[in-house]
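A structural walkthrough
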Amino acid sequence: MGEASDAASAPSGDAPAIFRALFANYPDALIVADARGTIVLANPAAARLLRYRADALVGLHVEALVPDAIRPRHATYREAYARDPRPRPMGAQRLAARRGDGTEVEVEIALSPLHGEGRTLVVAAIRDISEYMRIQQAVRRSRYSEFVAQLGRAAVDARDPQVLFERLPALVADALHVDVVRVFLLEPNRLEFRVAAGVGAVPGEAVGARVPNRPETPAGFVIQHGQPVIVENYATERRFAVPQAYLDLGLTSAMAVPLSDRGRPIGALSVRSRQAKHFGPDEQRFLESLANLLAASVQRADTEEALNHAQRLESVGQLTGGIAHDFNNLLTVIQGNLQMLQELPRLAGDEQGQQLVSAAARAARRGAELTGKLLAFSRRQVLQPSPVDIGQLCHSLADMLRRTLDQRIVIGVETAERCPPVLADIGQLESALLNIAINARDAMPDGGTLRFTARAGTEPAPAVRGGLRGGPPAEAYVAIAVSDSGSGMSDEVRERAFEPFFTTKPSGRGTGLGLSTVYGFVKQSNGAITIDSALGIGTTVTLYLPIVRQPAVGRAGDDAADGGAALAGLRMLMVEDEPSVAAVAQGFLERARCRVTGVANGEQALRLLESDAGFDLLLSDVGLGAGISGTALAQAAQRLRPAMPVLLMSGYATDWPGASAAAPSWQLLRKPFTREQLLAAIARATAR
């Protein structure tokens, strides 16, 4: 205390020495400049910070310490300060100072005017804050990382992306200290966004609202450019139209990043502030990390949804395939007995009896067509793939539809030049496209537009939300799209569109097997199918079919009757576990004067083959109930009798149980069959 009192009461003659000592030893850089901006005094800390010799600073103009980029603005500010000098505390403004070696350093500056001896000087205290800024940046990055980790944990735990939608806006607002956060998701029609989540009230952007996707809108601009967009001041923004609501709310600055699913934009994440915010690289990376998490969660949910739907369809396909197999056995009996009944001498002159039998036969054929559609859905129908010119097929189909559909429906075709041919069954493909076109017609009762487009591609088929059915082709493909401007589908209808027997048409106007048949055909053709639809806008159904890689090889055993060879006296072993089907087949064969030995299972057949070498043909059903299957029986028979032909029967037609083990020489006959088809198949098998 005594020393302090002595210093305070020191003679005034010692004051200059004290002030010089303080000036020289002050830890912050100190420079004194005159009214013209010329430095008249600098302390050692200033020389060290600014990397000048102390004597080199004296006489230097302060503008030499200002980076070129901000020098004009600094000169204006200095002139204004000279007209009204007043103390300005440290921290009021951050600047960059230019050093003597050309490098720059971030600093804070305090200004104090000195009046005396007829002139005004300005003392500038300069403090190096670069280390502080680095620490602050590290803290900020750590904080951002923690926020990303929080959302990441939520993304792992939650199966529903809605959980992230609910948590993300508040988290982002807290992290970036912004007033408005919005998550925009593109609707399937890609013409508008749905506001999926957000904080901060903005007219027209309530959660659940739709906003247009146009390049001149804020969200549309982000989608169009596919990269982050930073707005320094909405009042001077010219790249897109700023909604008046933003300006009315006093929003000033903003940043937005796109949401992408496998390179395809699906939405945008936007933040806005009433303050002039500096959104730097750290803020951009933070927002992009959150956007990636959100997009990954949406992608996972869509993939799981598509997988679950595909699994449900696969289960239904297995069920319908089994039903169709059993029904084909029944139809074989019905058709076979009707054919034999029609040929009875007592009915030859009975016109009414013939009419009744013919009507029953037509109904049986319609039943066979129905099971064919079920088999198409379960991917078990017979296909004969060959190269198909898509352009020619679409133009031909469009010409036919112009003559048959409502004249108010405008039909167009757009196929890419040199579109490669696809490998598909042309009849089934034409039927599939016709099915889709008929559905489109029904969705446009007052007319509209129907368009066929085709293009080649090699990238993965796009995953349409709720619409992808079947994995996209792994190699090159042609995308064939059928688009209409009709009433569209709701999300619930779109989800069930491929299910068999599901229809929105009035009773009696549809079986509900149209799109399910298309689905089965496309899957069996190693392709995929998507539906993109929105109520009131229209529907696009896209088929992805593989391009031709090598000539297609068909499988023998179709329905065509080849005419029959002379089968009289042919001795065959017939194995069929359905007695009524066996009776029909045996009746057909005996009329052809074949000698038939019939058994009901594979075990009995093997015993006969081991003891009797006189059979000319093995005719067996594929599904023989418990015990040896028809395929296993055929393998055993060929080991015992390598030269004996094999003809298999199946209600599955193709992809039947054990088909992968079938020998190339085996023939396959689809149920239900007529007598002519049975005899033609036997003729082909024995001729081989």
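Shown above is the structure to which this text applies.
Report on the accompanying structure. All figures in this text were calculated on a predicted structure; none of them were measured in a lab.

**A short note on a nonpolar patch on the surface**
A contiguous nonpolar surface patch, about 320 Å² in accessible area, is contributed by Ile18, Phe19 and Leu22. With respect to the secondary-structure elements, phenylalanine 19 resides in helix α2 (residues 15-25). Phenylalanine 19 gets classed as exposed once you look at its relative accessible area, which sits at 55%.

**Side note on the pairing of strand β22 (residues 646-650)**
The buried fraction of β22 is high, at five of five residues. Burial along β22 is two-sided: Val646, Leu648 and Ser650 and Leu647 and Met649, pointing in opposite directions, are all buried. Taken together, the four bridges between strand β21 (residues 617-621) and β22 define a ladder with parallel strand orientation. The residue bridging aspartate 621 from the neighbouring strand is methionine 649, located in β22. In this fold, the crossover linking β21 to β22 by way of helix α18 (residues 630-640) has right-handed handedness. Bridge count for β22 against strand β23 (residues 667-670) is four bridges, and the pairing is parallel. Among the inter-strand pairings, serine 650 is bridged to a residue of β23, identified as arginine 670.

**As for the environment of glycine 623**
Positionally, glycine 623 belongs in the loop between β21 and α18. The exposure class assigned to glycine 623 is partly exposed, which follows from its relative accessible area of 29%. Taking C-alpha positions, glycine 623 is 8.7 Å from methionine 649, a pair spaced 26 residues apart along the chain.

**Thoughts on the sheet that holds strand β3 (residues 94-98)**
Taken together, five strands build an open sheet; the order of strands is β2-β1-β5-β4-β3 and the sheet is antiparallel. Looking at which strands have only one partner, the edges of the open sheet turn out to be β2 (39-42) and β3. For this sheet the average axis-to-axis angle between neighbouring strands, irrespective of direction, equals 40°. Here five bridges tie strand β1 (residues 29-33) to strand β5 (residues 119-128), and the two strands are oriented antiparallel to one another. Counterpart to leucine 30 in the pairing with β5 is alanine 125.

**Regarding unusual backbone geometry**
Apart from glycine, the bulk of residues carry a negative phi angle, and the bulk of peptide bonds sit in the trans form. Cis geometry is adopted by the peptide bond preceding proline 672, which originates at lysine 671 and carries an omega value of -5°. Summarising the element assignment, proline 672 is placed in the loop between β23 and α19 (675-687). For arginine 51, which is not a glycine, the phi torsion comes out positive at approximately 60°. The topology assignment puts arginine 51 in the loop between α3 (44-50) and α4 (54-57). Positive phi, normally seen in glycine, also occurs at histidine 177, with a value near 55°.

**Regarding the sheet that holds strand β6 (residues 180-186)**
Pairing in this open sheet of six strands is antiparallel, and the strands run β8-β7-β6-β11-β10-β9 from one edge to the other. This sheet does not close on itself; its edge strands, each paired only once, are β8 (210-212) and β9 (229-231). Across the sheet, the mean angle from the axis of one strand to that of its neighbour is 25°, orientation sign disregarded. Here β6 pairs with strand β7 (residues 192-199) via six bridges, running antiparallel. Bridged to phenylalanine 184 within β7 is valine 195. Helix α7 (residues 161-176) rests against β6, β7 and β11 (264-273) of the sheet, and its axis sits at about 60° to β7.

**Some remarks on α18**
Residues of α18 that are buried include every one of Gly630, Thr631, Leu633, Ala634, Ala636 and Ala637, and no others. Where α18 is buried, its residues contact β19 (571-575), α17 (602-611), β21 and β22.

What counts as what
- Residues numbered from 1 in each chain as written.
- Predicted model: local features only at pLDDT ≥ 70, side-chain atom pairs only at ≥ 80, totals over all residues.
- Heavy atoms only, no water.
- Patch = residues over 30% accessible without salt bridge, like charges linked within 9 Å, V, L, I, M, F, W, Y side chains within 5 Å.
- Areas by Shrake-Rupley, 256 points an atom, 1.4 Å probe, with all protein chains shown as cover.
- Salt bridge = Lys/Arg side-chain N within 4 Å of Asp/Glu carboxyl O.
- Helix = DSSP H or I, 4+ residues; strand = E, 2+ residues; numbered from the N terminus.
- Buried < 20%, exposed > 50% of the residue type's maximum accessible area, 1.4 Å probe, protein only.
- Pairing = 2+ DSSP bridges.
- Right-handed = clockwise from strand over helix to strand, strands pointing away.
- Axes fitted to C-alpha atoms, helices over the stretch in contact; angles between N-to-C directions.
- Contact = heavy atoms within 4.5 Å.

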